[in-house]
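Below, each chain spelled out in residue letters.
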Amino acid sequence: MSTILGQNSYGKSENRVVRIVREGPTHHIKDLTVSIALSGDMDEVHYSGSNAGVLPTDTAKNTVYAFAKEHGIDSAEQFGMRLARHFVTSQPGLRRARVQVEEHAWERVETTGPTCHSFVRSGRETRVGRIGYDGERWEIVSGLQDLTVLNSTDSEFRGYVKDAYTTLEETSDRILATEISARWRYRWSRDGEPAPDWDRAYERARTNILRAFAGTYSRSLQQTLYAMGSHVIERSGGEGGEGGEVDEIRLSLPNKHHFLVDLTPFGLTNDHEVYLAADRPYGLIEATVLRAGAPARIPADLLRDR
């Protein structure tokens with residue numbers, strides 16, 4: 001045979017599941033998109049078409065909905081872990097499961113009456129999780145995407161390389177805006193060890209990203225990115241980094257350029273007041289920040305794997 005099978009997986013992608021919990025007149029909602037990828041002893045189905053070891057992808061879809069009913073959805077990570085453990089431990093031919101979860105946030109509509117069951121889709125970012133399990137070790141990567149932020153000052157861009165094609169003028173005061181995508185990998189990897197509180201850990205990472213963005217005088221978007229990553233790692237597990245929950249974080253920051261509009265043709269002076277917001281093309285800054293001594297395991301292209 002002149003060819004052999006390489007890496008492979010199969011599963012069911014983008015299963016939309018909404019779980020409602022009713023506590024009298026007060027309802028709670030969890031809205032997820034769940035994608036499942038399974039791998040293991042799959043050579044024969046590729047070589048001969050035998051499905052003897054194949055769990056149908058439709059079954060994977062059904063498992064998502066059944067688990068939402070039977071076990072509920074405490075957090076995106078916990079739900080993904082429950083699914084990953086089920087597939088690996090219940091099917092002898094499956095060696096590894098990867099579950100990717102996106103959580104779509106809803107905000108409660110405040111009313112003057114007794115009902116608490118109305119919601120509006122939140123304008124917040126999308127929370128994401130990627131759960132890997134091989135029967136012994138976990139790899140939990142959480143994150144967020146489409147978190148749009150803007151600093152109206154405390155940003156500059158000067159002292160850069162210039163060549164024959166450089167037209168950009170230096171500035172000591174500019175708008176810095178970006179749409180943050182981030183993935184961070186937790187140190188925890190084994191059952192029997194204390195696991196993070198996934199919801200609290202997520203909110204802590206999000207808060208530290210925003211604090212770093214707001215609190216960093218930016219001479220470059222790269223500098224701001226590194227400050228964000230360092231804040232998340234150094235303060236994971238609580239202020240001062242107790243517990244050290246996060247070992248690695250990768251961030252992708254498109255530079256959402258805002259250009260001062262030339263108002264002189266109209267006899268007007270633009271004193272950093274009126275800008276053109278350009279959506280493309282844009283600069284794209286990406287980097288991984290690691291706890292000293294920790295390995296890099298988050299793929300460079302993961303933030304574009306949607």
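As shown above, the structure is provided for reference.
Residues numbered from 1 in each chain as written. Predicted model: local features only at pLDDT ≥ 70, side-chain atom pairs only at ≥ 80, totals over all residues. Heavy atoms only, no water.

Student: I keep staring at unusual backbone geometry and nothing clicks. Help me out?
Tutor: Most peptide bonds adopt trans geometry, and most residues besides glycine take a negative phi value. Following Arg-280, the chain continues into Pro-281 via a peptide bond in cis, with omega recorded as -10°. Here Pro-281 shows up in the loop between β11 (275–277) and β12 (283–290). A positive phi angle, near 65°, is found at Asp-146, a position not held by glycine. Within the element layout of this structure, Asp-146 appears in strand β7 (residues 138–151). By relative accessible area, Asp-146 is classed as partly exposed at 31%. The residue Asp-154 is not glycine, and still its phi comes out positive at about 60°. Looking at where Asp-154 falls in the secondary structure, it is placed in the loop between β7 and β8 (176–186). (Helix = DSSP H or I, 4+ residues; strand = E, 2+ residues; numbered from the N terminus. Buried < 20%, exposed > 50% of the residue type's maximum accessible area, 1.4 Å probe, protein only.)

Student: Looking at this structure, how should I read the side chain of Gln-145?
Tutor: Mapped onto the elements, Gln-145 comes out in strand β7. For Gln-145, a relative accessible area of 5% translates into the label buried. In terms of polar contacts, Gln-145 uses its side chain to reach the side chain of Arg-183, at 2.9 Å. (Polar contact = N/O pair within 3.5 Å; in protein donor to acceptor, adjacent residues only side chain to side chain.)

Student: It is not clear to me how the packing of aromatic side chains should be interpreted in this structure. Could you clarify?
Tutor: Aromatic ring pairs are described here by two measures, namely the spacing of the ring centres and the angle between the planes. The final tally for this structure, using the stated rule, is 6 aromatic pairs. Relative to Trp-188, the ring of Trp-138 lies with its centre 6.3 Å away and its plane at 25°, an arrangement referred to as stacked. In this pair, Trp-138 sits in strand β7 while Trp-188 sits in the loop between β8 and α4 (198–215), placing the two residues 50 residues apart along the sequence. We note that Trp-138, like Trp-188, is buried. Ring geometry for Phe-157 against Tyr-160: centres 4.6 Å apart, planes inclined by 20°, an arrangement best described as stacked. According to the relative accessible area criterion, Phe-157 is partly exposed, its value standing at 27%. For Tyr-160, a relative accessible area of 15% corresponds to the buried category. Among the aromatic residues, those joined into a ring-pair cluster are Tyr-133, Trp-138, Tyr-186, Trp-188 and Trp-198. The ring of Tyr-282 has Lys-256 sitting right over it, with the charged end atom 5.0 Å from the ring centre. (Phe/Tyr/Trp six-rings, centres within 6.5 Å; stacked < 30°, edge-to-face > 60°. Lys NZ or Arg CZ within 6 Å of the ring centre and 35° of its normal.)

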